[in-house]
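Fold and contact review
Spelled out, the chains give:
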Amino acid sequence: GAGVSQSPSNKVTEKGKDVELRCDPISGHTALYWYRQSLGQGLEFLIYFQGNSAPDKSGLPSDRFSAERTGGSVSTLTIQRTQQEDSAVYLCASSLAGEGEQYFGPGTRLTVT
Amino acid sequence: ILNVEQSPQSLHVQEGDSTNFTCSFPSSNFYALHWYRWETAKSPEALFVMTLNGDEKKKGRISATLNTKEGYSYLYIKGSQPEDSATYLCAFYTDKLIFGTGTRLQVFP
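Residues numbered from 1 in each chain as written. Chains lettered and ligands numbered in written order. Predicted model: local features only at pLDDT ≥ 70, side-chain atom pairs only at ≥ 80, totals over all residues. Heavy atoms only, no water.

Once that is clear, we can look at the overall build of chain B. Counting its regular elements, chain B contains zero helices and eleven strands. Secondary structure elements of chain B, listed N to C terminal, follow the sequence β-β-β-β-β-β-β-β-β-β-β. Relative to a compact globule of 109 residues, whose C-alpha radius of gyration would be 13 Å, chain B shows 13 Å and is just as compact. Taken over the C-alpha atoms alone, chain B extends approximately 40 × 25 × 20 Å along its principal axes. Split into buried and exposed, the 109 residues of chain B put 50% on the buried side. (Helix = DSSP H or I, 4+ residues; strand = E, 2+ residues; numbered from the N terminus. Rg over C-alpha atoms; globule rule 2.2 N^0.38 Å. Buried < 20%, exposed > 50% of the residue type's maximum accessible area, 1.4 Å probe, protein only.)

Below, the structure written as structure tokens:
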């Protein structure tokens, strides 16, 4: 079956521009996570959606970052006024339930010039 | 702040060697412990999800144990092969999944 998909796969943007990253989770998965991996670093938690509950935004690094999940399915991560330190691979993962095995998308590589 | 610690940070072994890594996590409010393998230029893939104290799981040459009372899990690889080279991540679930920084394994032929 279809796995988690993310788009775009690569995004190059100029400093100060806004970007939107999209995640399509596996159908029926109630939990959706966003992570990022900066160069040489591990997986950094950003935000977690679980069903209809309020999202856990505790990992968002600044108020320039926001995310939404429409209809309990597709999620969009928005970064406003991008900075060079936002350059990273942004990974999305979904699971049947919050504690369940996570299925990762292929990631979006964001480069801010 | 919940800390998930992994050691060692990196490991280089020869093909055929057996090896193991450690994941330490808070022993309170335990719900689940995950292990993932993350190969370069790919996305992480789940190896095991463990929920019960004393759990032991095995997949081929890879196995894992869990001690929730003392807050640690071990991942073992028997007879390492070059294709086992990857970063191995553990993740602790309480109200969300928190990843450790991983153990980077390189297996030399």
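The gaps of empty space that remain are located by a probe, the size of a water molecule, rolled over the atoms. In this structure, the largest pocket occupies an estimated 900 Å³ of space. For the lining of the largest pocket, the secondary structure elements donating two or more residues are strand E8 (88-95) and strand E10 (108-112) of chain A together with strand E9 (86-93) and strand E11 (103-108) of chain B. Looking at the lining of the largest pocket element by element, the count peaks at four residues for E10 of chain A. Taken together, the residues of the lining of the largest pocket break down into twelve nonpolar, 19 polar and five charged. (1 Å grid on protein atoms, 1.4 Å probe; cavity = no way out; pocket = protein on both sides within 12 Å on 5 of 7 lines; lining within 4 Å. Points joined across faces, edges and corners; volume = space filled by probe spheres on them. Nonpolar A, V, L, I, M, F, W, Y, C, P; charged D, E, K, R; others polar.)

What follows covers the sheet that holds strand E7 (residues 75-79) of chain A. Residues and elements named next belong to chain A. The strand order E1-E3-E7-E6 describes an open sheet built from four strands, whose pairing is antiparallel. Among the strands making up the open sheet, the edge pair consists of strand E1 (5-7) and strand E6 (65-69). In this sheet, neighbouring strand axes are inclined to one another by 15° on average, regardless of whether the strands run parallel or antiparallel. (Pairing = 2+ DSSP bridges. Axes fitted to C-alpha atoms, helices over the stretch in contact; angles between N-to-C directions.)

On to the packing of aromatic side chains. Residues and elements named next belong to chain B. By the definition in use, this model includes 16 aromatic pairs over all chains. Taking the centre distance of 6.0 Å and the plane angle of 45° together, the rings of Phe30 and Phe92 count as tilted. Here Phe92 lies in strand E9 and Phe30 lies in the loop between strand E3 (19-24) and strand E4 (32-38), a separation of 62 residues in the sequence. Assigned by exposure class, Phe30 and Phe92 land together as buried. Ring centres of Tyr72 and Tyr74 lie 5.0 Å apart, and the angle between their planes is 40°; on these two criteria the pair is classed as tilted. Judged by its relative accessible area of 27%, Tyr74 is partly exposed. (Phe/Tyr/Trp six-rings, centres within 6.5 Å; stacked < 30°, edge-to-face > 60°.)

The residue after Ser7 of chain A, namely Pro8 of chain A, is reached through a cis peptide bond having omega -10°. Of the consecutive residues Ser7 of chain B and Pro8 of chain B, the connecting peptide bond is found in the cis state with omega at -5°. Its identity is not glycine, yet Arg81 of chain A carries a phi of approximately 50°, on the positive side. You can see Arg81 of chain A is positioned in the loop between E7 and E8. Assessed through its relative accessible area of 43%, Arg81 of chain A is described here as partly exposed. One non-glycine residue, Asn29 of chain B, adopts positive backbone phi at about 55°. Mapping Asn29 of chain B onto the fold places it in the loop between E3 and E4. Overall, the relative accessible area of 62% leaves Asn29 of chain B in the exposed class.

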